[in-house]
Structure formats: structure tokens, C-alpha cells
Amino acid sequence: MDGTSSQDGLQGNAAYSALLQEIREGRLSPGDRLRETDLATRFSISRTPVREAIRQLEADGLVTHLPRVGATVRRLDYSEVMELYEMRVVLECTAARMAARAASDVEIAELGAISDALSQSGAGTEASRLNRQFHLALLNAAKNRFLTKSMLSLQKAMLILGRTTLADAERYENALAEHQAILDALVTRDGDAAEAAMRAHIIAGQRARIRALRVDFDDPNTL
């Protein structure tokens, strides 16, 4: 590989990471167009690494190409949203049960610290970040590499669900209580309770997501 190709590759990785972060934070929303020229100008790079970054996002299932529109952040339809939450229940409930058995005291303490930080953050973007951190820490505490691989793949799809439901004050407060129930079960090493608490948490999140997208559900072509 020559120097130019190598540099394009490095810039492509940086552009991919930047776009992924913008999708994660909601600065790029489902349906938003990704124009190569605009992005190249914004990132101060050529169109080649931007094109590669968009291809990577497409491979992740986060970007699609629409006729006469071009590359856009993908929208999930209703059935895909439901299927996503069904898989979250399967995987994250399993993770909670495993973590109740396998987590070290240090890992449980870290989960408690993240939960405390979440309770101080208030509703919004920071709450969303800490919520992801809590779920990732619990997944790591489950100590199952195959479960982790499956969950990390699912989490990429979750990036295009849209605006975080933790921006809603009521959902934020309820999520705090749900996290505490999960944490209490982990502290007592109660796998059944941890699984049940996680199930309640995911289903509550699913209901909040449906409410948030209710207007879009009226027109499946815009979801």
C-alpha cells in the first residue's frame, strides 16, 4: 500500500468514527443524507476516505442508499424495532443472570458508581451515555465472549433508533429505579431477580420508544 492509500485509510477510519459518534449522539438522525462533498469539506479530507467511511456504515446496517437521494442514515421500520427489543430481552436478560453469578465485587461496585453518576446527570444526552456505559459494564461482568459479540452487534443497530428516550424526564426517573432493581439483584447474587429486573427494564424502554415514535408509526414510510 502506498503512502496516499495508507493516509486515505487512516482518514477513512477517523471519518467513520466521527460519523458513528454523530449518529450515537443524535446529531445525525434516521433519514439524514450523507453527502460526500459536504462531509469531505467538514472533515477537511478528500472524498475517497469519506466514501470508505460511508461504506463501513452501510456494512454495519446504519446507512442505506435511496434512489435519487443517495446515502442516508437508515430508518428502522416498525417490525425491525420490535425485533430489536425482542433480541435485547433475550441477550440482556441472559447477561444479567450470568453477571449475578460471575461478576466480581469490584465490577458490581463499578456498576453502582455508574448508577450513582446516572442519578446525578439529569435527563438527556449524558444520561444516555451513562446508560450505555451501565449496560456495557454489566455485559462485561457476565464474562461470556459469545454473548458479548452478539450484544455489541445489536448495539450498533440501536444507534439508529433515534433520539434517546432518556431525554424524557419521566422515563429517566423510571430508568433509575429499574437500574437500581438490577443492581440490588446483582449485589445479592440473585440470578432470577436480575433477569426479571432486566426484562422489566427493557420492556419499559420498548414502551417508551413506541410512544416516542407513535407519530411515525402512522406512516410506515417515514419510520
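Below is a summary of the structure that appears in this document. (Residues numbered from 1 in each chain as written. Predicted model: local features only at pLDDT ≥ 70, side-chain atom pairs only at ≥ 80, totals over all residues. Heavy atoms only, no water.)

## So, the pairing of strand S2 (residues 70-73)
Consecutive residues of a regular strand have side chains that alternate between opposite faces of the sheet.
Working step 1: As paired strands, strand S1 (residues 63-66) and S2 are joined by 4 bridges and run antiparallel to one another. Residue His 65 lies in a different strand from S2, and its bridge partner there is Ala 71.
Working step 2: The hairpin turn running from S1 into S2, its antiparallel successor, is 3 residues long, and Arg 68 in that turn takes a positive phi close to 65 degrees. (Pairing = 2+ DSSP bridges. Helix = DSSP H or I, 4+ residues; strand = E, 2+ residues; numbered from the N terminus.)

## Topic: the packing of helix H2 (residues 36-43) against helix H3 (residues 47-59)
Working step 1: The geometry of H2 relative to H3 is characterised by a closest axis approach of 9 Å and an angle of 115 degrees between their N-to-C directions. Judged by the angle between their axes, H2 and H3 are roughly perpendicular. Judged by the sense of rotation from one axis to the other, the crossing of H2 with H3 is right-handed. Here Glu 36, Thr 37, Leu 39 and Ala 40 of H2 come into contact with H3, specifically with Arg 47, Val 50, Arg 51 and Ile 54.
Working step 2: Taken together, the residues of the contact of H2 with H3 break down into 4 nonpolar, 1 polar and 3 charged. (Axes fitted to C-alpha atoms, helices over the stretch in contact; angles between N-to-C directions. Parallel < 35°, antiparallel > 145°, perpendicular 65-115°, else oblique. Left-handed = near helix turned anticlockwise from the far one by under 90°. Contact = heavy atoms within 4.5 Å. Nonpolar A, V, L, I, M, F, W, Y, C, P; charged D, E, K, R; others polar.)

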